Amino acid sequence: MVDLGLAIALALALVHFGLPVAYYLYLRVVWLGRPWGVRRDHSFKPRVTVIVPTYNEARLIESKLDDIARQDYPRGRLEVIVVDSASTDGTVEAVRRWSGGSPGLNLRVISEPSRMGKAYALNNALRHASGDIVVITDADSRWNSERTLSNAVAWLSDPTVGAVTCVKNPERGGFLGVEGGYRGFYNIVRLAESKAWSTPVFHGELAAFKRELLEAVGGFPTDIGADDSHTATLVALRGYRAIAVDDVECIEKVPEEGYHAWRVRRAQHLVQHFLKTLRHVGRAPNRFKPVLLVEAYLHLVNPWLLLVAITLMLYQALKGSFIAIVISTVGLLLLVHRPYRIWVITQLYLIMAILRNIWIKEIIWAKQDK
Ligand code: GDD
Ligand code: MN
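Because the structure is predicted, anything quoted here is derived from the model rather than measured.

Conventions adopted
- Residues numbered from 1 in each chain as written.
- Chains lettered and ligands numbered in written order.
- Predicted model: local features only at pLDDT ≥ 70, side-chain atom pairs only at ≥ 80, totals over all residues.
- Heavy atoms only, no water.
- Phe/Tyr/Trp six-rings, centres within 6.5 Å; stacked < 30°, edge-to-face > 60°.
- Helix = DSSP H or I, 4+ residues; strand = E, 2+ residues; numbered from the N terminus.
- Buried < 20%, exposed > 50% of the residue type's maximum accessible area, 1.4 Å probe, protein only.
- Lys NZ or Arg CZ within 6 Å of the ring centre and 35° of its normal.
- Salt bridge = Lys/Arg side-chain N within 4 Å of Asp/Glu carboxyl O.
- Near = heavy atom within 4 Å.
- Polar contact = N/O pair within 3.5 Å; in protein donor to acceptor, adjacent residues only side chain to side chain.
- Areas by Shrake-Rupley, 256 points an atom, 1.4 Å probe, with all protein chains shown as cover.
- Nonpolar A, V, L, I, M, F, W, Y, C, P; charged D, E, K, R; others polar.
- Core = buried A, V, L, I, M, F, W, Y, C linked by side-chain atoms within 4.5 Å.
- Contact = heavy atoms within 4.5 Å.

1. Focus: the packing of aromatic side chains
The final tally for this structure, using the stated rule, is eight aromatic pairs. Both rings, one in Trp36 and one in Trp155, keep their centres 4.9 Å apart while their planes meet at 65°; by these two values the pair is edge-to-face. Taken as a pair, Trp36 in the loop between α1 (4–31) and β1 (48–54) and Trp155 in helix α5 (residues 148–155) lie far apart in primary sequence, 119 residues in all. The buried category is assigned to Trp155, whose relative accessible area is 1%. Clustering of aromatic rings is evident, with ring pairs tying together Tyr24, Phe185, Tyr186 and Trp343. In this arrangement the basic side chain of Arg40 is found over the ring face of Trp155, its NZ or CZ atom lying 3.9 Å from the centre. A cation over an aromatic ring shows up here: Arg115 above the ring of Tyr55, its NZ or CZ 3.7 Å from the ring centre.

This is how it looks when you write it as structure tokens:
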């Protein structure tokens with residue numbers, strides 16, 4: 001007879017793995033191939049403000065500005081704001097040097113006297129932005145082509161679309177195995193959620209918003225870390241679509257050192273975002289509500305099921321249960337299978353993130369070399 005502990009462990013594991021797999025298959029089969037239901041006008045060329053927040057980005061900022069400068073978006077309709085929060089490595093000087101050598105781009109620098117965090121800096125820049133569209137982009141990211149910005153803006157020609165983000169891929173190096181596998185899976189999820197209505201996870205590498213909507217939601221939240229995802233979700237909660245699209249691609253640098261700490265910090269931000277979002281689920285558009293609920297569940301609850309299942313299973317194995325020993329061994333051996341390994345590691349990051357949020361929120365985080 002299978003005893004109770006074992007039965008509970010199996011049931012929890014079944015839900016833990018079954019629900020995300022079912023969600024993924026549902027998104028893939030039902031939504032991924034569907035039409036967008038969005039009208040895209042490539043002649044739509046509103047004024048755009050690109051905001052680059054920086055803290056100690058001297059090493060990367062010039063190539064980031066090159067990347068923006070090579071965009072095919074009409075120069076006269078493009079404004080770039082670098083908002084720096086008291087960098088100590090000469091970031092502002094690097095920006096000034098770059099702009100001296102590359103006239104023709106409408107670039108301004110806002111130099112804050114002290115570091116109050118990324119979202120605070122974005123709000124500061126927003127007050128100076130003249131664009132009807134505001135695009136946020138991290139200094140350590142690259143856009144895939146010179147059409148990236150134009151493509152993103154074209155989606156916003158549709159009155160129902162309020163915000164657009166990229167699909168993203170890690171640059172070679174470091175933990176590409178884990179990071180690349182993780183991305184391949186999530187890009188599909190984000191695209192399919194976007195087709196269903198909206199995705200609650202946006203990327204700081206490129207997040208484009210209609211300015212009036214940014215203002216309507218009160219700018220970027222300074223009390224949580226995932227400014228990009230949370231702002232996009234607030235836009236979606238107002239009935240507009242916040243979508244990740246596949247003709248807008250970003251490349252992100254992944255830190256070689258401190259990869260785990262980096263993943264935990266970002267998971268902390270997402271956890272903060274979903275906790276804060278849960279309060280508003282009631283007013284989500286009908287097609288967005290299930291996505292929001294499932295994503296909140298996957299980030300906040302589902303990882304614990306795995307932890308409890310593993311604990312119970314190991315306990316039974318230690319007590320000498322033959323079935324538990326077999327299942328535990330299979331669970332361990334399966335770690336050679338990459339998608340499974342990546343999944344399990346991600347669950348550990350989420351658990352650590354939820355716990356770590358209890359004592360530190362990482363709203364202002366240590367700069368990592370990439
Ligand atoms: N102005 C300003 N002030 N910029 C900052 C600050 C700050 O206090 N802190 C970080 N930044 C800038 C960085 O210089 C970089 O351009 C961008 O914000 C993102 O910072 P990273 O240090 O590269 O963070 P990340 O890549 O791990 O963070 C990602 O996830 C976050 C949510 O978890 C990005 O996508 C962020 O945009 C996102 O908020
Ligand atoms: Mn980054």
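2. Observations concerning the pattern of salt bridges
Per the stated rule, a full pass over the model turns up 18 salt bridges. Notably, a salt bridge pairs Lys367 with Glu57, separated by 3.1 Å at the nearest N-O pair. One end of the pair, Lys367, is in the segment after α13 (338–356); the other, Glu57, is in the loop between β1 and α2 (61–69), and 310 residues separate them in sequence. One salt-bridge network, in which partners are shared between bridges, spans Lys118, Asp138, Asp227 and Asp228.

3. Points about the site of ligand 1
Lining the immediate surroundings of ligand 1 are 25 residues, of which Glu57, Ser85, Arg115, Lys118 and His269 lie closest. Between an oxygen atom of ligand 1 and a side-chain N or O atom of Asp227, the distance comes to 3.0 Å. Arg266 places a side-chain nitrogen or oxygen 2.8 Å from an oxygen atom of ligand 1. Across the complex, the protein chains shield 96% of the 740 Å² of accessible surface that ligand 1 would expose by itself. The set of elements that each furnish at least two residues to the shell around ligand 1 consists of β1, β2 (78–85), α4 (118–128), α8 (227–237) and α9 (259–278). Considering every element that reaches the shell around ligand 1, the biggest residue donor is α9, with four residues. Classifying every residue of the shell around ligand 1 gives seven nonpolar, six polar and twelve charged.

4. Some remarks on the environment of Arg338
Looking at the secondary structure, you find Arg338 in helix α13. Between the C-alpha atom of Arg338 and that of Val164, which follows or precedes it by 174 residues, the distance is 31 Å.

5. Regarding the nonpolar core
What tends to happen in soluble globular proteins is that the nonpolar side chains get buried as a cluster. By size, the foremost hydrophobic cluster in this structure holds 41 residues, and its most contacted members are Ile51, Val134, Ile136, Phe202, Phe209, Phe220 and Phe288. Setting aside chain neighbours within four positions, we find Phe288 in contact with Trp197, Ser198, Thr199, Pro200, Thr233, Ala236 and Leu237. Within the second largest apolar cluster, 38 residues are counted, among which are Ile68, Val95, Leu105 and Leu156.

6. Regarding the environment of Trp143
Along the chain, Trp143 turns up in strand β5 (residues 141–143). When the C-alpha positions of Trp143 and Cys250 are compared, they lie 4.6 Å apart, and in sequence the two are 107 residues distant. Here the side chain of Trp143 touches Thr137 through a polar contact of 3.3 Å, side chain to side chain.

Everything listed here is a matter of geometry and, on its own, says nothing about what the molecule does.
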